Amino acid sequence: MSIKIIIADDHVIMRQGLIQMLQADGHFTVIGECGDGVSLINLVLTESPDVVLMDISMPEMSGLVAIDKILAQRPMTRILVLSMHNEREYMEAMRDAGAKGYLQKETSADALVQAIKQVAAGKQIFPGLESLTAETSPATISPLSVLTRREREVFFLVAAGNTSKRIAELLTMSLKTAENHRSNIYKKLNVSSSAELIRLAGKAGLLE
Amino acid sequence: MGNDNQDIITDILKQQAFLKKRLDEEQLQLTSMAKRLWAQQEADKANLSRELHDGIGQLLTALTRRLSTLGNRDPEFVELAEIANMALEDVRHLSRMMSPTILDDLGLKPALKWLCRSLFEDTDMQCDCLVQLHNDIADDLSTLVFRISQEVLTNALKHSGAAHISLNLQSSYNSLLLEIRDDGNGFDYEQVAKGVGLTSIADRAKAFDAKLNIISRPGKGTQTRVTIPL
């Protein structure tokens, strides 16, 4: 059975090269292609691909934000990031965001084809990262277990994208108190932004 | 007579208030101009960095690949491929330091971790990086923190002779605190002529109402503290 793929890269030549390579293999059908993050999200939601092959640096919306939004709405999406960046921090950030694999653009065609098949089969591909000391994954603990009842309320409101001001209004508390709760939650969950909190909530299945 | 003096004093006070207001306005204009100038500088650096990466970088990638392929036939080409690859790595490093795309792509925390790792990984110095941010940081402040860290860490790398360096960034609801310490040679702050780099960060910090504080004594290491209001 053919693996359905969507390709996102702002370089047209890169996309064409990938399409040719995938068609030559015969196991893949490219069901969509685009050059920015916003179009990618729409394509994924309408076309339901098996694997998304995407770049990080794209116009309109960065790859990292796009991954967040895709997984928030379609958590089963299997994403393989194809990037020119060889820094370990990129790979870690993409793994933590919920991508299933990360390869450099210089990767040979054979290795890339193999990697896509493995990701489609549910495997994770992060070459070189396994050997490095991984930080404790936030997904392994239930975020709610460390929070007080009030902090849980604030947690869900932050995860739903509310500002501290709005949260203060909703829970009838002062802005300062809301900020304090928020800061305590961030500390307890070891996150540094609402984006990270939402990602963590998504991974723990708390966004439904 | 008493009334005349009163009038003169009132006049002088009015003039003073007027001059103070003009001075404040001009100060504000200068600050905003300085911020625009730095934003332009960052944009220029980003362009040059992209040219380096996409231009020379792509050419060197192609060259490395061709030489590697030839290496199957003649072992001498393997060595040439390695040299080409080293040039490629250098260009990439230069391009990244000039304009850290990782800051735009991933944000301040990964960018600082990358900076600490990539500056010190091939040295005998150990650099620890601890970043705890509880709010989203605006782009211009992220750039400010990154550039200050880059300058201070690069100075430490070149001059401190330290065995251990630590970078610590914390946020509270109304400020950001950046602290970089090393256990190296230290220097007499009054004696050392401030280089362009240090002066430029001091100016930048000032434009954002940040407090920059450097404590150092010969033989006692250096501690740089920056407090930035949010």
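Residues numbered from 1 in each chain as written. Chains lettered and ligands numbered in written order. Predicted model: local features only at pLDDT ≥ 70, side-chain atom pairs only at ≥ 80, totals over all residues. Heavy atoms only, no water.

An unreviewed UniProt entry annotates chain B as Oxygen sensor histidine kinase NreB of Alteromonas confluentis. Turning to chain B, the UniProt annotation filed under Catalytic activity (unreviewed entry) states: "ATP + protein L-histidine = ADP + protein N-phospho-L-histidine." (UniProt positions renumbered as here; feature names shortened; annotations may be inferred.)

The name given to chain A in an unreviewed UniProt entry is DNA-binding response regulator, with Alteromonas confluentis as the source organism.

Brief notes about the environment of Ala204(A)
Residue and element names in this part refer to chain A. With respect to the helices and strands, Ala-204 occurs in the segment after helix H9 (194–203). Looking at Ala-204, the relative accessible area reads 33%, which means it is partly exposed. Put simply, Ala-204 and Ile-31 are 173 residues apart on the chain and 30 Å apart in space, counted from C-alpha to C-alpha. (Helix = DSSP H or I, 4+ residues; strand = E, 2+ residues; numbered from the N terminus. Buried < 20%, exposed > 50% of the residue type's maximum accessible area, 1.4 Å probe, protein only.)

As for the interface of chain B and chain A
At the interface, 20 residues of chain B touch 27 residues of chain A. The contact between chain B and chain A buries some 2100 Å² in all, and 47% of this surface belongs to carbon and sulfur atoms. Interface area lost by chain B to chain A is led by Asp105(B), Leu106(B) and His134(B), which between them contribute 29%. Our count for the contact surface shared by chain B and chain A stands at two salt bridges. Here Glu89(A) makes a salt bridge to Arg117(B), at a shortest N to O gap of 2.7 Å. In this assembly, chain B and chain A are joined by eight residue pairs in polar contact (both at pLDDT 80 or more). Considering every element that reaches the side of chain B that touches chain A, the biggest residue donor is helix H4 (residues 108–120) of chain B, with five residues. Each residue belonging to the side of chain B that touches chain A can be placed in one class, and the counts come to six nonpolar, five polar and nine charged. (Contact = heavy atoms within 4.5 Å. Buried area = accessible area lost by both parts, 1.4 Å probe. Salt bridge = Lys/Arg side-chain N within 4 Å of Asp/Glu carboxyl O. Polar contact = N/O pair within 3.5 Å; in protein donor to acceptor, adjacent residues only side chain to side chain. Nonpolar A, V, L, I, M, F, W, Y, C, P; charged D, E, K, R; others polar.)

Points about the sheet that holds strand E5 (residues 222–229) of chain B
All names here are of chain B. A sheet is described by the order of its strands in space; here five strands give the open sequence E1-E2-E3-E5-E4, paired in mixed fashion. In this open sheet, the two strands that pair with only one neighbour each are strand E1 (126–132) and strand E4 (211–216). Taken over all neighbouring pairs, the strand axes of this sheet differ in orientation by 10° on average, direction set aside. Pairing of strand E2 (residues 164–171) with strand E3 (residues 175–182) involves seven bridges; the strand directions are antiparallel. Residue pairing in the sheet places Asn-168 in a bridge with Glu-179 of E3. Sitting on the sheet, H4 is in contact with E1 and E2, with an inclination near 175° to E1. (Pairing = 2+ DSSP bridges. Axes fitted to C-alpha atoms, helices over the stretch in contact; angles between N-to-C directions.)

Digging into the pattern of salt bridges
Enumeration according to the criterion identifies 20 salt bridges over all chains in this entry. For the salt bridge of Arg15(A) with Glu33(A), the shortest nitrogen-to-oxygen distance reads 2.7 Å. In this pair, Arg15(A) sits in helix H1 (residues 12–25) while Glu33(A) sits in strand E2 (residues 28–34), placing the two residues 18 residues apart along the sequence. According to the relative accessible area criterion, Glu33(A) is partly exposed, its value standing at 39%. One salt bridge in this structure joins Arg204(B) and Glu42(B), with 3.0 Å as the shortest N-O distance.

Remarks on H4(B)
Here H4(B) contains 13 residues, and its C-alpha end-to-end distance of 18 Å stays within 8% of the 18 Å for a straight helix at 1.5 Å per residue. Judged by how many residues are buried, H4(B) sits mostly within the fold: eleven of 13 residues are covered. Against helix H4 (88–97) of chain A together with helix H2 (75–98), helix H3 (101–106), E1, helix H5 (139–160) and E2 of chain B lie the buried residues of H4(B). (Expected span 1.5 Å × (residues − 1).)

A closer look at the sheet that holds E2(A)
All names here are of chain A. With parallel pairing, the five strands of this open sheet are ordered in space as E2-E1-E3-E4-E5. Every other strand in the sheet has two partners, leaving E2 and strand E5 (101–104) as the edge strands with one partner each. Across this sheet, the average inter-strand angle for adjacent strands is 20°, counted without regard to direction. Alignment of strand E1 (residues 3–8) against E2, held across six bridges, turns out to be parallel. Within E2, the residue paired with Lys-4 across the bridge is Thr-29.

Notes on the packing of H2(B) against H4(B)
Residues and elements named next belong to chain B. Relative orientation of the contacting elements H2 and H4 amounts to 140°, with a least axis distance of 12 Å. Looking at the two axes, H2 sits oblique to H4. As H2 runs across H4, the sense of the crossing is left-handed. Across from His-93, Arg-96 and Met-97 in H2, the residues of H4 making contact are Trp-114, Leu-115, Ser-118 and Leu-119. (Parallel < 35°, antiparallel > 145°, perpendicular 65-115°, else oblique. Left-handed = near helix turned anticlockwise from the far one by under 90°.)

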